[in-house]
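# Reading the structure
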Amino acid sequence: MLITPQHQELQNKYEQLLFKSMQFDAILKQKDEIIQQLQSQINPLKNLVEQLLAEVKLLREQNAALLELIKEKDKRIQKLELVEHQYHQLTKLVYGRSSEKTSTALPGQLSLGIDAELVEACNINDGQKIESYTKIKSEKKKHPGRNEIPAHLERKYIDIHPENLPADARTLRYNRNRTIGI
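Residues numbered from 1 in each chain as written. Predicted model: local features only at pLDDT ≥ 70, side-chain atom pairs only at ≥ 80, totals over all residues. Heavy atoms only, no water.

## Re the overall build of the protein chain
Secondary structure summary: the protein chain contains 2 helices and 2 strands in total. In the protein chain, the succession of helices and strands from N to C terminus is α-α-β-β. Going through the 182 residues of the protein chain one by one, you find that 1% of them count as buried. On the protein chain, roughly 19700 Å² of surface is accessible, and the fraction owed to carbon and sulfur atoms is 56%. (Helix = DSSP H or I, 4+ residues; strand = E, 2+ residues; numbered from the N terminus. Buried < 20%, exposed > 50% of the residue type's maximum accessible area, 1.4 Å probe, protein only. Areas by Shrake-Rupley, 256 points an atom, 1.4 Å probe, with all protein chains shown as cover.)

## Focus: a nonpolar patch on the surface
A contiguous nonpolar patch, built from Y14, L18, F19 and M22 and spanning about 450 Å² of accessible area, is present on the exposed surface. Positionally, L18 belongs in helix 1 (residues 5–95). Residue L18 is classed as partly exposed on the basis of its relative accessible area, which comes to 43%. (Patch = residues over 30% accessible without salt bridge, like charges linked within 9 Å, V, L, I, M, F, W, Y side chains within 5 Å. Salt bridge = Lys/Arg side-chain N within 4 Å of Asp/Glu carboxyl O.)

## Looking at the confidence of the model for the protein chain
Averaged over all residues, the pLDDT of the protein chain is 82; the fraction at 70 or higher stands at 80%. Per-residue pLDDT, averaged within each element of the protein chain, yields its smallest value for strand 2 (residues 178–181) (49) and its largest for helix 1 (92). (pLDDT = per-residue confidence, 0-100.)

Shown next as structure tokens:
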């Protein structure tokens, strides 16, 4: 049997098709195996996703509770700052300089019972005249100063001279025979 070039060409195409068919079957087999592996991994992944969703829900609840605690803490801090400010104002009022004190009455402070309406209603001409008086000042006594040293005590004057005097040193005299060397 003689093989013609056309026949040879058809034979080559058949072999190529057969080879491609075998490759396709191998690829389909690999694809089926990969699909089975992926399907076996789906259930554990579903379980893992469910666990993660449950943890996220729990964390959101904890976050909400912590946010509430933070709000309460902020309210307490604001209240504490207000109390500290009031404390500083009261200490300033009580212990501060008189120029810093205010003339407003504090709540709970007793009043002197002087009504401003009564003071305004008073007329200057209705007041009583008080006789004047003269204050007599006594003379100021002079302070006697220090007492003198008693006469029965012995008095000594001692001249003190330094040991190493320079050659051009002079002596200054003052107050009752006392001398100082310079």
